[in-house]
Amino acid sequence: MPESTAPVCSIVGLLDDGWDGLGAAARRRIEAAASLIGAGRTLERIAPHAPSARLLNMDGALTRVPGWIEEAVLEGDAAVVLATGDPLCHGIAGFLIDKLGAARLEVLPATSTLQLAFARLKRSWQEARFVSCHGADADEWQADPRQPGPTPEHGLYRVVRAVAEHPLVACFTSPANSPDRIARALLAAGHGAPGCDEDLRLSVVARLCLDDEAVFAGLSLQEAASRRFPEPNVVVIERTCVGTALFGVDDLDYVQRTPEKGLITKLEARAVALAKLALRADSRVWDIGAGSGSVGLEASRIARHGHVWAIEKNPADAANARTNARRLRASNYSLFEGKAPAGLDAWPDPDAVFIGGSGGELGELITLVLRRLVPGGRLVMNFVTLENLATATSVLAAADTAWEVTMLSAARSQPILEMHRLAAQNPVWIVTTRKEAP
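An unreviewed UniProt entry annotates the protein as Precorrin-6Y C5,15-methyltransferase (Decarboxylating), CbiT subunit originating from Thauera aminoaromatica. According to its UniProt record, the protein has this under Pathway (unreviewed entry): "Cofactor biosynthesis; adenosylcobalamin biosynthesis."

Draft legend 1. The arrangement of the nonpolar core in detail. Ranked by internal contacts, the top residues of the largest apolar core, which has 31 residues, are Ile182, Leu186, Leu202 and Ile237. Elements represented by at least two residues in this core include exactly α6 (157-165), β7 (168-172), α7 (179-188), β8 (198-206), β9 (214-219), α8 (221-225) and β10 (233-241). Not counting residues within four places of it along the chain, the set of residues in contact with Ile237 comprises Val163, Pro167, Leu168, Val169, Ile182, Leu186, Leu200, Arg201 and Leu202. Judged by nonpolar contacts, the second largest core, of 27 residues, contains Ala269, Ala290, Ala321 and Ala352.

Draft legend 2. Representation of helix α5 (residues 113-121). By the burial criterion, the buried members of α5 are Thr113, Leu114, Leu116, Ala117 and Phe118. In this structure, the buried residues of α5 make contact with β4 (79-84), β6 (129-132), β7, β8 and β10. Capping of α5 at its N-terminal end is provided by Ser112; its side-chain oxygen lies 3.1 Å from the backbone amide nitrogen of Leu114. Where α5 terminates, the next one or two residues include Lys122, which has phi positive at roughly 55 degrees.

Draft legend 3. A look at a nonpolar patch on the surface. Together, Ile416, Leu417 and Met419 line one region of the surface with nonpolar side chains, adding up to about 360 Å² of accessible area. Among the secondary structure elements, Met419 is positioned in strand β18 (residues 419-424).

Draft legend 4. Focus on the packing of helix α3 (residues 65-74) against helix α4 (residues 92-100). Contact geometry for α3 and α4: axes closest at 10 Å, N-to-C directions at 60 degrees. The angle between α3 and α4 places the two elements in the oblique class. Crossing geometry of α3 relative to α4 is assigned as right-handed. For the pair formed by α3 and α4, the contact residues are Val65, Pro66, Ile69 and Glu70 on the first element and Ile92, Phe95, Leu96, Lys99 and Leu100 on the second.

Draft legend 5. Representation of the sheet that holds strand β2 (residues 35-38) in the model. With parallel pairing, the five strands of this open sheet are ordered in space as β3-β2-β4-β1-β5. The two strands at the open ends of the sheet, each matched to only one other strand, are β3 (54-57) and β5 (105-108). Pairs of neighbouring strands in the sheet enclose a mean axial angle of 20 degrees, with direction left out of account. Summarising the sheet, β2 and β4 pair through three bridges and their orientation is parallel. Of the residues in β4, the one forming a bridge with Ile37 is Val81.

Draft legend 6. Molecular detail of unusual backbone geometry. Pro232 follows Glu231 through a cis peptide bond whose omega is -5 degrees. Its place among the elements puts Pro232 in the loop between α8 and β10. Cis geometry is found at the peptide bond from Ala340 to Pro341, where omega equals 15 degrees. Mapped onto the elements of the fold, Pro341 is located in the loop between β13 (333-337) and β14 (352-355). We note that Asp139 has phi near 70 degrees; this positive angle belongs to a residue other than glycine. Relative to the assigned elements, Asp139 resides in the loop between β6 and α6. With phi around 50 degrees, Ala278 is a residue other than glycine that occupies positive phi space. Its place among the elements puts Ala278 in the loop between α9 (267-277) and β11 (284-288).

Draft legend 7. Structural detail: the side chain of Asp351. Position of Asp351 relative to the elements: it lies in the loop between β13 and β14. Accessibility expressed as a relative area gives 11% for Asp351, which makes it buried. From its side chain, Asp351 meets the backbone nitrogen of Arg284 in a polar contact 2.8 Å long. Apart from the residues within four sequence positions on either side, Asp351 is in contact with Arg280, Asp282, Ser283, Arg284, Leu373, Val374, Gly377 and Arg378.

Draft legend 8. Representation of the pattern of salt bridges. Going through the model one piece at a time under the given rule, you end up with 29 salt bridges. Between Asp199 and Arg201 there is a salt bridge; the shortest N-O distance is 3.4 Å. Judged by its relative accessible area of 35%, Arg201 is partly exposed. Of the charged contacts in the structure, one is a salt bridge between Glu404 and Lys276, with a shortest N-O distance of 2.7 Å.

Draft legend 9. Summary view of the sheet that holds strand β12 (residues 307-312). What the seven strands build is an open sheet, ordered β13-β12-β11-β14-β15-β19-β16; its pairing is mixed. Each end of this open sheet is capped by a strand with a single partner; those strands are β13 and β16 (403-408). Taken pair by pair, the neighbouring strands of this sheet meet at an average axis angle of 15 degrees, ignoring direction. Sheet analysis places β12 next to β13, joined by five bridges and oriented parallel. Each residue of the ladder has a partner; that of Ile311, found in β13, is Phe336.

Conventions adopted
Residues numbered from 1 in each chain as written. Predicted model: local features only at pLDDT ≥ 70, side-chain atom pairs only at ≥ 80, totals over all residues. Heavy atoms only, no water. UniProt positions renumbered as here; feature names shortened; annotations may be inferred. Core = buried A, V, L, I, M, F, W, Y, C linked by side-chain atoms within 4.5 Å. Buried < 20%, exposed > 50% of the residue type's maximum accessible area, 1.4 Å probe, protein only. Helix = DSSP H or I, 4+ residues; strand = E, 2+ residues; numbered from the N terminus. Contact = heavy atoms within 4.5 Å. Polar contact = N/O pair within 3.5 Å; in protein donor to acceptor, adjacent residues only side chain to side chain. Patch = residues over 30% accessible without salt bridge, like charges linked within 9 Å, V, L, I, M, F, W, Y side chains within 5 Å. Areas by Shrake-Rupley, 256 points an atom, 1.4 Å probe, with all protein chains shown as cover. Salt bridge = Lys/Arg side-chain N within 4 Å of Asp/Glu carboxyl O. Axes fitted to C-alpha atoms, helices over the stretch in contact; angles between N-to-C directions. Parallel < 35°, antiparallel > 145°, perpendicular 65-115°, else oblique. Left-handed = near helix turned anticlockwise from the far one by under 90°. Pairing = 2+ DSSP bridges.

Below, the structure is given as structure tokens:
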């Protein structure tokens, strides 16, 4: 679409004080508008100041807004889009610039409601992470803890992940995705649990710039989860955390099968396997045969902007992995209970795959993974038996895929009388292959 040399539409930001809070330039644009586009509640406030303008309610009709602007242009009329706060901060301006081009639009922002919220809390905001769940009803984060856990498509995913990564988060809400729902999501993801190594506080600033403006500061997640707040509102979340290691979590920090400890990829083998996976911050990872979850959970901490899809067939081990995920607040980790390869067709193509257990389907799994890996993706497999090692290398050779094997033999010190000896761990064969670009 060719761009004209002058803007054809003004996007005006305003707050709930309406006309009184607008500057002179914004008022002139509105008074001259032939088409006034905005949410219903915003149009009601501004319409009396543009009595001759055609009013176009964009509630539920966002995709029609570019067309309405084009219609106004064809008729030679001035169009104004009314937005909340700063239209370029999780607002409509980005959408319209993408559709119509930056040169055709003028943006006249108001102060962002998140900036105002920090002002009410008397808190600096320059280091805050701004996110939004102001959209369709996202539903609860995870009503049943036995379910796999939300994936990146969930409407609260970006909010929960932002809190996991940033000590200060500010969030635009909506009537459905409200502060109490956000608090429940954070609780379900493991934040604020008894004995947790963090302190997390949630503040709500409601009905900004109105006579009944209200501030609810420093609430615990439990307090916020059990009450409703006046609307509209925004949320500020502050987190202080001692935290656990990004990489190299101690074996004993994981809940494991009892009475026998040991269904876990030991730290030494886990470290090498994770290095072989060559994870990026945004990697999509599969963990097949998750066991207690140690490899997948540490992968989720490295791939903090990505996601881990894990599967485990043993119900007791799956329960342990879910507990570990909650203890580590791994909100970018989804654990499915079942026997691979069932269900893997619904997962997105991975950048990296770890196979720690196969349930007797090793050859089929390797063939499937080689087909689904993105170009440049890696498959890493840990084995303690010669038979599985032989199966894996045979399948890879038959697929004409280059591979390498690393044998890891580690020993840990153990006390003996008043001295120490080295106790050998089981040798582990780590098989690595990389999918070449076609």
